[in-house]
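# Residue-level structure breakdown
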Amino acid sequence: MPVISYIDAVTQALQEEMQRDEKVFVLGEDVGVRGGVFRATDGLYKEFGAERVIDTPLTESAIAGVAIGASVYGMRPVAEMQFADFIMPAYNQIVSEAAKMRYRSNNTWYCPLVIRAPYGGGVHGALYHSQSVEKLFAGVPGLKIVMPSTPYDVKGLLKSAIRDEDPVLFLEHKRCYRLIKGEVPTEDYTVPIGEAEVKREGDDVTVISYGLTLHFALKAAEELEKEGISVHVLDLRTIIPLDKEAILEATVKTGKVLIVHEDNLTGGFGGEVSALISENAFFELDAPIRRLAGPDVPAMPYSPPLEKEFMLNPEKVKTAIRELAEF
Amino acid sequence: MATDITMPQLGESVTEGTITKWIKAPGDPIAKYEPLCEVATDKVNAEVPATMSGIMKDHIASEGETVAVGETICRIDEASTEGNEPTSAVQENKATPEVKTSKEGKEENKTSAGTSEADGDRSMKRRYSPAVLQLAEENNIDLEQVDGTGRGGRITRKDIQRVIQSGGMTSPKDLSTAETSVQAPSQAQAPGLELGDKEIPLSSVRKTIAQRMVQSKHEVPHAWMMVQADVSGLVKLRQKLKDDFKQQEGINLTYMPFFVKAVVDSLKEFPKVNAVWGGDKIILKRRINISVAVATEDALYVPVIKDADEKSILGIAKAVHNLAEKTRMGKLTMEDFSDGTFTVNNTGSFGSIASQPIINQPQAAIISMESIVKQPVIKDDMIAIRDLVNLCLSLDHRILDGLVAGRFLARVKERLEAYTPESAI
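One numbering rule holds for all chains: residues counted from 1, following each sequence as written. Throughout, the order in which chains and ligands are written sets their labels, letters from A for the former and numbers from 1 for the latter. Where totals are concerned, whole chains, interfaces and linings use all residues; where local detail is concerned, this predicted model gives features only for residues with pLDDT of at least 70, and gives and counts side-chain atom pairs only at 80 or more. Neither water nor hydrogens contribute to the side-chain values; these are computed over all heavy atoms in the structure.

## Here's the deal with the overall build of chain B
Only DSSP runs of H or I covering at least 4 residues are called helices, and only runs of E covering at least 2 are called strands; the numbering of each starts at the N terminus. Helices and strands together make up the secondary structure of chain B, namely eleven helices and 18 strands. Of all 425 residues assigned to chain B, the portion counted as buried reaches 40%. Residue contacts follow a heavy-atom distance rule, with two residues in contact if any of their heavy atoms lie within 4.5 Å. Long-range contacts, defined here as pairs at least 24 residues apart, represent 63% of the contacts in chain B between residues at least 6 apart. Per-residue accessibility takes into account occlusion by the displayed protein chains alone, with areas from the Shrake-Rupley method and a 1.4 Å probe. Element-wise, carbon and sulfur atoms account for 51% of the exposed surface of chain B, whose accessible area totals about 23500 Å². Note on classification: 1.4 Å probe, protein chains only; a residue is buried when its accessible area is under 20% of the maximum for its type, exposed when over 50%, partly exposed between these limits.

Here it is in structure tokens:
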């Protein structure tokens, strides 16, 4: 199997889906001639032309609105938010229109729509190019939120998202784009939305994570093995709908759970996972559920030392796991 | 400085071993890894290697004595180079039983380190987590007696799991109950001896068979079904092939490989039958490893044909032959017994025409192939003489229901009936 990067997996999924179904088209800022600021849509303009790879004005509300309208008419738009930070102007469209369309029309209308957005820090993006936005959408029924961590999952899940009949928010960690590489089959495959995956088996501490921090957890697990601490790592992959069974299974495995995400702690998705566990697996717990998350400060600092302080890393995850293991 | 050598753990389920022969006598020099003695455990004969160099001081256990895992069997005088720190040497040796797997060894170390460290701070000793309380209750564990390795002397879930794994509590009270339950079958019905009666002490193999049979019958709700297959084609086929086969391969062509093949192919179709009971779940096994019952004069062994689904009739025939040979020579190893997923029992070889086999735990089912008997049957409205065989299946009704088991059995029957004198093998 060829080894490709996380962002190549995005491009391949888009290209193959556009070849498969002519109703699929992409729109966003600089996605056409320029091929996207991260090059995620590189080559698509040349292959599919300006009709199916549409450069839009700098108006996120319009990008979302146009995509929603087109999807209701039977098209399959993949809208790109250049940075997840800029999704705020489109919030109303996504929350009040896309997420509610099927419900308020009693199944008559629906939005087979994907909104892609690069999120997360660690790339010296400072305040407006580093935010994690999943918690702002996680409590909105009607939306699916996919947050893959590996190229294999990116490609398989993006295909599933495009083929899904309802709106999917597809959040790509931008630090992963060229950092994370992995084997991806050349033949067509999909990864089902709503299924978590055990990325490593262990029996001392369970780590539940997604996106970039998942890789920190795997790294930490690898190093801790030498200290005799065996770590079980669950990759949520999709946060809505949530794979509750997988979370409870992973909990039972060790009785000690650490939830890790880059989004800040308060109101972060880890709280939801934690509540689920204590409601359903209280008698399996051998330690209080722990969360490791970004700090509750307004935004990613521009200063490199402060950015480093803000970001999680394998070392921080390691310390948290070790504390739980010793508890 | 003399060091105690203990009975090693010679397999997952092994709890004790009988010393059959001392290889090293007191006074003999010993190099590390040299065998000290031969030990017969439940199913395997093994040698106990030395964990250190030195001189055999004395035997604590004598030949013929049965010793529990972890108990001292002999003492070795260490090579006199290191004579200092006598107390710590003894402690260290106790904490690392020799043949444990590396992981278990590590945990043991952690335990002892944790307890000594905990002497300072025991504030968390009685802070029990929900998981610990539940496990303790389910397994009748007195938490006061358990040492905690967690922070502040807290008892962790792993501490409890270790206690459960090592066979429950180590307090004298619990030990005695454990013993009576194991020996119950022999003690309960021991009638008085009359003149001329002969007493045969139980060998460790006999004891294991007794224990496993009682356990299986006691724990597993057995259901039973039987179908009859017309194997006239197979009988003719074997008749035709067997002389050439013997000449070419040097082993007899029996019906067993055909039975095993039909079972294996059908297991592929019904993964639920190739399963094991996992307490709170059913585990469908990916590999198909067939346990075959091999009888000797005084015992029954069930060695395993690994990955039987990758083998041809010839491959299975050879595997069965090899395992039977090994059994007769007493050369089966732990490896030969492990990982079976389904058992095939050839009761027909004793002339039986129907039997109710006891399930080989934790497997889901066991099949016995009975004697092939010529019988008059109605075929196409005429009386014909056909070769018939009964296939008997015992199933664990927790895992399987009659429907799936019945379909499975029907497919085994179909496969056996499909052989004709012209079939290629």
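## Some remarks on the packing of helix α10 (residues 244-254) of chain A against helix α11 (residues 269-280) of chain A
Residues and elements named next belong to chain A. Throughout, an axis means a line fitted to C-alpha atoms (over the contacting stretch in the case of helices), and angles, computed between N-to-C directions, take values from 0 to 180 degrees. Relative to each other, α10 and α11 sit at 65°, their axes nearing to 10 Å. Classified by the angle their axes make, α10 and α11 are roughly perpendicular. Relative to α11, α10 is oriented so that their crossing is right-handed. Residues K244, I247, L248 and T251 of α10 form the contact with α11, whose participating residues are V273, L276, I277 and N280. Lys, Arg, Asp and Glu make up the charged group, whereas Ala, Val, Leu, Ile, Met, Phe, Trp, Tyr, Cys and Pro make up the nonpolar group; the residues left over, Gly among them, are polar. Tallied by class, residues from the contact of α10 with α11 come to five nonpolar, two polar and one charged. For this classification, under 35 degrees means roughly parallel, over 145 means roughly antiparallel, 65 to 115 means roughly perpendicular, and everything else is oblique. Rotating anticlockwise by less than a right angle from the far helix to the near helix defines a left-handed crossing, while the corresponding clockwise rotation defines a right-handed one.

## Comments concerning unusual backbone geometry
With an omega of -5°, the peptide bond running from I240 of chain A to P241 of chain A counts as cis. Its location among the elements puts P241 of chain A in the loop between β12 (238-240) and α10. With an omega of 0°, the peptide bond between Q361 of chain B and P362 of chain B qualifies as cis. With respect to the helices and strands, P362 of chain B occurs in the loop between β16 (342-345) and β17 (365-379). Backbone geometry at D307 of chain B places phi at a positive 45°, although glycine is not the residue there.

## Things to note about empty space enclosed by the protein
All names here are of chain A. In the cavity and pocket records, a cavity denotes points on a 1 Å grid over the protein atoms alone where a 1.4 Å probe fits but cannot get out, a pocket denotes an open set with protein on both sides within 12 Å along at least 5 of 7 lines, and lining residues are residues with an atom within 4 Å of a point. Grid points are joined across faces, edges and corners, and a volume is the space filled by probe spheres set on the points. One pass over the full model with this rule turns up two cavities of 30 Å³ or more. Put simply, the largest cavity is a space of about 40 Å³. Lining the largest cavity are Y119, S132, E134, H173, Y210, G211, L212, T213, H261, E262 and D263. Elements represented by at least two residues in the lining of the largest cavity include exactly α9 (212-225) and β13 (257-264).

## Focus: the packing of α9 of chain A against helix α13 (residues 314-326) of chain A
Residues and elements named next belong to chain A. Contact geometry for α9 and α13: axes closest at 8 Å, N-to-C directions at 60°. What the angle tells us is that α9 and α13 run oblique. The two elements α9 and α13 cross, and the hand of that crossing is right-handed. On α13, the residues that touch F216, A217, K219, A220, E223 and L224 of α9 are P314, E315, V317, K318, I321 and R322.

## Observations regarding the pattern of salt bridges
Any Lys or Arg side-chain nitrogen found within 4 Å of a carboxyl oxygen on Asp or Glu counts as a salt bridge. Counted by the stated rule, this structure contains 48 salt bridges over all chains. The closest approach of N and O atoms between E16 of chain B and K207 of chain B, which form a salt bridge, is 3.8 Å. Taken as a pair, E16 of chain B in strand β2 (residues 16-22) and K207 of chain B in helix α6 (residues 204-219) lie far apart in primary sequence, 191 residues in all. Classification of K207 of chain B as partly exposed rests on a relative accessible area of 35%. Connected through shared salt-bridge partners, E16, E17, R20, K155, K159, R163 and D188 of chain A make up one network.

## As for the sheet that holds strand β5 (residues 45-49) of chain B
All names here are of chain B. Read across the open sheet, the four strands follow the order β5-β4-β2-β7; overall the sheet is antiparallel. Every other strand in the sheet has two partners, leaving β5 and β7 (66-68) as the edge strands with one partner each. For this sheet, the mean angle separating the axes of adjacent strands, direction not counted, is 40°. At least two DSSP bridges between two strands are required for those strands to pair. The pairing of β2 with β7 spans three bridges and is classified as antiparallel. Bridge assignment links G17 to a residue of β7, and that residue is V67.

## Focus on the pairing of strand β4 (residues 76-80) of chain A
Residues and elements named next belong to chain A. Summarising burial for β4: five of the five residues are buried, a large majority. The two faces of β4 match: R76, V78 and E80 on one face and P77 and A79 on the other face are all buried. Where strand β2 (residues 24-28) and β4 come together, five bridges link them in parallel fashion. Bridge pairing in β4 links F25 to P77. As judged from the three bridges shared by β4 and strand β5 (residues 114-119), these two strands associate in the parallel manner. Among the inter-strand pairings, V78 is bridged to a residue of β5, identified as V114.

## Re the confidence of the model for chain B
All names here are of chain B. Confidence of the predictor in every single residue is expressed as pLDDT, which spans 0 to 100. Scored by pLDDT, chain B has a mean of 82; 84% of the residues are at 70 or more. Of the regions scoring below 50 in pLDDT, residues 81-118 engages in 28 contacts with residues more than four places distant in sequence or in other chains. Here the complex is predicted with pTM 0.54, and the ipTM for its interfaces comes to 0.78.

## Section: the packing of aromatic side chains
For Phe, Tyr and Trp, rings pair up if their centres lie within 6.5 Å, where Trp contributes its six-membered ring, and each pair is then called stacked (planes under 30 degrees apart), edge-to-face (over 60) or tilted (otherwise). For the structure shown, the criterion picks out twelve aromatic pairs over all chains. When the ring of F270 of chain B is compared with that of F408 of chain B, the centres are 6.3 Å apart and the planes differ by 90°; the resulting orientation is edge-to-face. In this pair, F270 of chain B sits in the loop between α8 (256-269) and β10 (275-277) while F408 of chain B sits in helix α11 (residues 402-417), placing the two residues 138 residues apart along the sequence. With 5.7 Å between their ring centres and 65° between their planes, F342 of chain B and F408 of chain B make a pair best called edge-to-face. Highlighted residues: F342 of chain B in strand β16 and F408 of chain B in helix α11, separated in sequence by 66 residues. Per residue, the accessibility class of F342 of chain B equals that of F408 of chain B, and both read buried. Following the ring pairs from residue to residue traces out a cluster consisting of Y6, F38, F83, F86 and Y177 of chain A.

## So, the sheet that holds β16 of chain B
Residue and element names in this part refer to chain B. The mixed open sheet is built from six strands, whose spatial order is β9-β18-β17-β16-β12-β15. Each edge of the open sheet is held by one strand with a lone partner, namely β9 (222-230) and β15 (304-305). Bridging between strand β12 (residues 290-292) and β16 involves three bridges; their strand directions are parallel. Bridge assignment links I290 to a residue of β16, and that residue is F342.

## A few points about the pairing of strand β4 (residues 35-40) of chain B
Residues and elements named next belong to chain B. Note that β2 and β4 share four bridges and pair antiparallel. Its bridge partner being in β4, K21 is matched across the sheet by E38. Of the strand pairs in this sheet, β4 and β5 are connected by five bridges, and their pairing is antiparallel. Note on β5: the bridge partner recorded for C37 is V48.

## Quick word on helix α4 (residues 157-165) of chain B
Among all positions in α4 of chain B, only R157, K158, D159, I160, R162 and V163 of chain B are buried. Of the residues flanking the end of α4 of chain B, it is G167 of chain B, one or two places downstream, whose phi is positive at about 95°.

## Observations regarding the interface of chain A and chain B
With 16 residues of chain A at the contact, the number on the chain B side is 16 residues. Interface of chain A and chain B: buried area, both sides summed, is about 1200 Å²; carbon and sulfur atoms make up 38% of it. Put simply, chain A and chain B have four salt bridges between them. Here K158 of chain B ties to D203 of chain A by a salt bridge, and the two come within 2.9 Å at their closest N and O atoms. We define a polar contact as two N or O atoms separated by no more than 3.5 Å, with the added condition that, inside protein, one atom must be a possible hydrogen donor and the other a possible acceptor, whereas residues neighbouring each other in sequence contribute only through side-chain atom pairs. Where chain A meets chain B, there are 14 residue pairs in polar contact (both at pLDDT 80 or more). For the side of chain A that touches chain B, the secondary structure elements donating two or more residues are α10 and α13 of chain A. A simple way to read buried area is as the amount of 1.4 Å-probe accessible surface that goes missing from two parts once joined, with both sides added.

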